[in-house]
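One letter stands for each residue in the lines below.
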Amino acid sequence: MYYVKELYTFFDELAAHNDRQWFADNRPRYEHLRALWLEDIDRMLAHITVWQPDMAGQTAKSCAYRIYRDTRFSNDKTPYKTHFSASFSPWGRKTDHAGYYLEIGRARTYDQGLYGGLWCVESAMLKKLRHAIVDNIEEWEEIINAPDMLRHFPGWCSSTLKTIPKGWDRNHPQAEYLRMTNYGKFLPCTDSFYLDPSWPEKAAEMFHVLKPFVDFLNYSIDE
């Protein structure tokens, strides 16, 4: 049996018994499932490096997040996440550049699926990106309106200001993009996506669609 079905069962049981004793009793099961998932992430990364050679130094272990939750500043004190996730870019998992993110499981914060872009943007960088978009609006709109982008990533994954940022005309033609505080795209994935053993190859193909978008953000940051 392909492991992902058992992985979903594990996440469902963990959601119902999210405590340290249950996890300790099921730790061998967790480690077995995580090892198989990391193998799939490495497969996906191998396909990504075909079109993103500078990702060659990344591995599943360096890209994957831990299952342990940081409960210090949360009202939710359950100790474990009910999903697996990974973030990857040429600069690694922790970076101020745009990159790619993947999640599988029963998450509470994000939805299961494939993401690309830039989140938690500090104010000076956000200001720089807004100017880059306006100054290169034809290139930007060509990227976000490309047929494959509209087919697979039609919407935005971003928080939005109620009003246009200070210093910009409130009737600015690019007001939609100027009000964004993150620049992200998201493809929701049903369980059936991950239950297909070829999902690593399919995910790499979908991330390839996002590459021009991610590249635009990164060379705007580095300019």
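Read on for a plain summary of the structure. On a predicted model such as this, the values are computed, not experimentally measured, just so you know. (Residues numbered from 1 in each chain as written. Predicted model: local features only at pLDDT ≥ 70, side-chain atom pairs only at ≥ 80, totals over all residues. Heavy atoms only, no water.)

## With respect to the nonpolar core
Core analysis: the biggest nonpolar cluster contains 63 residues, and Trp37, Phe88, Trp199 and Phe207 have the highest contact counts within it. With twelve residues, helix α10 (residues 199-222) is the single largest residue contributor to this core. The contact partners of Trp37, leaving out residues within four places of it in the chain, are Tyr3, Ala64, Phe84, Ser85, Ala86, Leu102, Ile104 and Trp199. Formed by five residues, the second largest nonpolar core is a distinct cluster that contains Val134, Ile164, Trp168 and Leu178. (Core = buried A, V, L, I, M, F, W, Y, C linked by side-chain atoms within 4.5 Å. Buried < 20%, exposed > 50% of the residue type's maximum accessible area, 1.4 Å probe, protein only. Helix = DSSP H or I, 4+ residues; strand = E, 2+ residues; numbered from the N terminus. Contact = heavy atoms within 4.5 Å.)

## Quick notes on the side chain of Lys185
Within the element layout of this structure, Lys185 appears in strand β4 (residues 183-188). One buried charged residue, Lys185, forms no salt bridge at all, with the nearest opposite charge on Glu176 at 7.5 Å. Residue contacts for Lys185: discarding those within four places in its chain leaves Leu114, Tyr115, Gly116, Met149, Phe153, Pro154, Gly155, Trp156, Cys157, Leu210 and Phe213. (Lys, Arg positive; Asp, Glu negative; His and termini not counted. Salt bridge = Lys/Arg side-chain N within 4 Å of Asp/Glu carboxyl O.)

## Examining the packing of aromatic side chains
In this structure the tally under the stated criterion is 29 aromatic pairs. With a centroid separation of 6.1 Å and 80° between ring planes, the pair formed by Trp51 and Tyr100 is classed as edge-to-face. On the criterion of sequence distance, the pair formed by Trp51 in helix α3 (residues 27-51) and Tyr100 in strand β2 (residues 99-105) is long-range, its members being 49 residues apart. The pair Trp51 / Tyr100 is uniform in exposure class, with both members buried. Their ring planes at 70° and their centres at 5.4 Å tell us that Tyr101 and Tyr115 sit as a pair that is edge-to-face. Here Tyr101, found in strand β2, pairs with Tyr115, found in strand β3 (residues 113-118); they are 14 residues apart in sequence, far enough to count as distant. Linked through ring pairs, Phe10, Phe11, Trp22, Phe23, Tyr30, Trp37, Tyr68, Tyr80 and Phe84 together constitute an aromatic cluster. A cation over an aromatic ring shows up here: Arg93 above the ring of Tyr65, its NZ or CZ 5.0 Å from the ring centre. The lysine or arginine in question, Lys185, covers the ring of Trp156, its NZ or CZ lying 4.0 Å from the ring centre. (Phe/Tyr/Trp six-rings, centres within 6.5 Å; stacked < 30°, edge-to-face > 60°. Lys NZ or Arg CZ within 6 Å of the ring centre and 35° of its normal.)

Keep in mind that these numbers describe shape and distance, not what the molecule does.
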